[in-house]
Amino acid sequence: MKAIVLESADKPVALKEVDKPTLQPGEALVKLKAAALNRRDYWITIGKYAGIKYPAILGSDGAGIVYEVGDDKDKYLLDNEVIINPGCGWGDDEHFQSNDFKILGLPDDGTFAEYVKVGVDQLFPKPAHLNWEQAAALPLAGLTAYRALVIKGRAKKGEKVLITGVGSGTGTFALQWAVAAGCKVFVTSGSGEKIDRAKKLGASAGVNYKAQDWAEQLLHLSGGFDIIIDSALGDGFAKLPDLCNPGGRIVIFGGTAGNIPQLNGRKIFWRQLQIIGTMMGSPADFKAMVDFLNRHQVVPVTDEVFALADAAKAIAKMEHSTQFGKIVLSC
């Protein structure tokens, strides 16, 4: 089969012929129709991710058709149209992942290929209202944003939500989930064009975080937030507690702008604020996300679709963060 292979951090990814995976009981081989990029794929290509092994087939997101199963009892899955939950080994506690948790695409070979091997329990029916590219865009970023907003943030209809960095895959999903949940949503971005696109998706207003008074603008526009979804951290994080209403929740994942700076803890405890960490989500979260998407007929935002052979171009685009929504590979 053909696959995009990374042989080292100092070499670009390349399309190569590799062996098709062999299955064990409880596993399925999915013939991929589309795969999507995540920020972790870019970090792996430049050698800045934990536990990198070479050669590697990257890719955590995928949608396709079940081609083969490793056990007769799973034959009912053959020819089914599916999306893949990229997380495996979450464990028994819904609050946090186990030490055995891993994400498809590293250490196991991922979805930038014609076929991928996954556990049968990682397969979910493809939402009928989505095309292949939209379905492939959903899993990792959609799940991360859903858990952040709904499970950890406990979003309720009518609450005010701030999403920082709205152009990213997770930021765009957080916007879509919050709008569907009936929240009043505000966004930040370094791009006026991305703010305009966010408004078309239902955001009430947006502010350019490059402005000196971005936090003051947001406070004036909103009057304060019940939930803030932030994946940047960095120096600007120090202003987020001041934007929260009493009892507000700041939910964090990622850290593209650096570490959390020094904070005034008195503001946090006096106003009963919560700073909550999250990443990915459990199988129960994944099912809940898919049910939510189907119920509200949400359509993931895809920025651009590349051919599998052009994966290097897709990764280069992600490096510069010019996308709005998800970058997708057609397999």
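Small disclaimer: the values here were computed from a predicted structure and weren't measured. (Residues numbered from 1 in each chain as written. Predicted model: local features only at pLDDT ≥ 70, side-chain atom pairs only at ≥ 80, totals over all residues. Heavy atoms only, no water.)

Student: Which residues make up the overall build of the protein chain, and what values go with them?
Tutor: The number of helices and strands found in the protein chain is 10 helices and 18 strands. Here the C-alpha atoms of the protein chain give a radius of gyration of 20 Å, agreeing with the 20 Å that 2.2 N^0.38 yields for 331 residues. The dimensions of the protein chain, computed from C-alpha atoms along their principal axes, are 60 × 40 × 35 Å. Within the protein chain, buried positions represent 51% of all 331 residues. Of all intrachain contacts in the protein chain linking residues separated by at least 6 positions in sequence, the fraction that spans at least 24 positions is 70%. Carbon and sulfur atoms make up 50% of the accessible area of the protein chain, which totals about 14600 Å². Side chains of the protein chain give 37 positive and 37 negative charges; the mean places of these two sets differ by 6 Å. (Helix = DSSP H or I, 4+ residues; strand = E, 2+ residues; numbered from the N terminus. Rg over C-alpha atoms; globule rule 2.2 N^0.38 Å. Buried < 20%, exposed > 50% of the residue type's maximum accessible area, 1.4 Å probe, protein only. Contact = heavy atoms within 4.5 Å. Areas by Shrake-Rupley, 256 points an atom, 1.4 Å probe, with all protein chains shown as cover. Lys, Arg positive; Asp, Glu negative; His and termini not counted. Charge placed at Lys NZ, Arg CZ, Asp CG, Glu CD.)

Student: Explain unusual backbone geometry to me, using residue names and the numbers behind them.
Tutor: Omega for the bond connecting Tyr-54 with Pro-55 falls within 30 degrees of zero, at -10 degrees, which places this linkage in the cis form. Structurally, Pro-55 can be placed in the loop between α1 (39-45) and β4 (56-57). Cis peptide bonds are those with omega within 30 degrees of zero, and the linkage from Leu-106 to Pro-107 qualifies with 15 degrees. Here Arg-154, not a glycine, exhibits a phi torsion of approximately 55 degrees, which is positive. Along the chain, Arg-154 turns up in the loop between α3 (139-152) and β11 (160-163). Despite not being glycine, Gln-297 shows a phi value in the positive range, around 55 degrees. Within the secondary structure, Gln-297 sits in the loop between α9 (283-296) and β17 (302-307).

Student: An account of the packing of aromatic side chains is needed here, citing residue identities and associated values.
Tutor: Given two aromatic rings, one states the distance between the centres and the angle between the planes to describe the pair. Counted by the stated rule, this structure contains 9 aromatic pairs. Plain terms: the ring middles of Tyr-42 and Trp-43 are 5.3 Å apart, the flat faces sit at 50 degrees to each other, and that makes the pair tilted. Owing to a relative accessible area of 31%, Trp-43 belongs among the partly exposed residues under this scheme. Their ring planes at 75 degrees and their centres at 5.4 Å tell us that Phe-186 and Phe-225 sit as a pair that is edge-to-face. One end of the pair, Phe-186, is in strand β12 (residues 184-189); the other, Phe-225, is in strand β14 (residues 225-230), and 39 residues separate them in sequence. Like Phe-225, Phe-186 is buried. For Lys-20, the ring lying beneath its charged end belongs to Tyr-115, and the centroid distance is 4.5 Å. Looking at Lys-126, its charged tip hangs above the ring of Trp-132, at a distance of 5.2 Å from the centre. (Phe/Tyr/Trp six-rings, centres within 6.5 Å; stacked < 30°, edge-to-face > 60°. Lys NZ or Arg CZ within 6 Å of the ring centre and 35° of its normal.)

Student: Which residues make up α9, and what values do they have?
Tutor: Between its terminal C-alpha atoms α9 stretches 20 Å, which fits the 20 Å expected from 14 residues at 1.5 Å a residue. Of all the residues in α9, the buried ones are Asp-285, Phe-286, Met-289, Val-290, Phe-292 and Leu-293. The buried residues of α9 all sit within an arc of 160 degrees when viewed along its axis, so they share a single face. Contact partners of the buried residues in α9: β6 (81-84), β10 (123-125), α3 and α4 (169-180). Gln-297 occupies a position one or two residues after α9 and carries a positive phi of about 55 degrees. (Expected span 1.5 Å × (residues − 1). Arc of directions from axis to C-beta.)

Student: Please give an account of the nonpolar core that cites residues and values.
Tutor: Membership of the largest hydrophobic core comes to 49 residues, with the highest contact counts inside it found for Ile-83, Ile-163, Leu-175, Trp-177, Val-187, Ile-229 and Met-289. For this core, the leading source of residues is α3, giving 7 residues. Not counting the four nearest positions on each side in its chain, Val-187 is found in contact with Leu-162, Ile-163, Val-166, Leu-175, Ala-198, Ala-203, Ala-205, Gly-206, Val-207 and Leu-218. In terms of nonpolar packing, the next biggest core, distinct from the first, is built from 19 residues, Val-13, Ala-56, Leu-58 and Ile-327 among them. (Core = buried A, V, L, I, M, F, W, Y, C linked by side-chain atoms within 4.5 Å.)

Student: Run through the sheet that holds β12, naming residues and quoting values.
Tutor: Taken together, the 6 strands give an open sheet; going across it, the order is β13-β12-β11-β14-β15-β16, and neighbouring strands pair in parallel fashion. Only two strands of the sheet have a single partner each, and these edge strands are β13 (205-208) and β16 (274-277). Going across the sheet, the axis of each strand differs from the next one's by a mean of 20 degrees, ignoring polarity. Bridging between β11 and β14 involves 3 bridges; their strand directions are parallel. (Pairing = 2+ DSSP bridges. Axes fitted to C-alpha atoms, helices over the stretch in contact; angles between N-to-C directions.)

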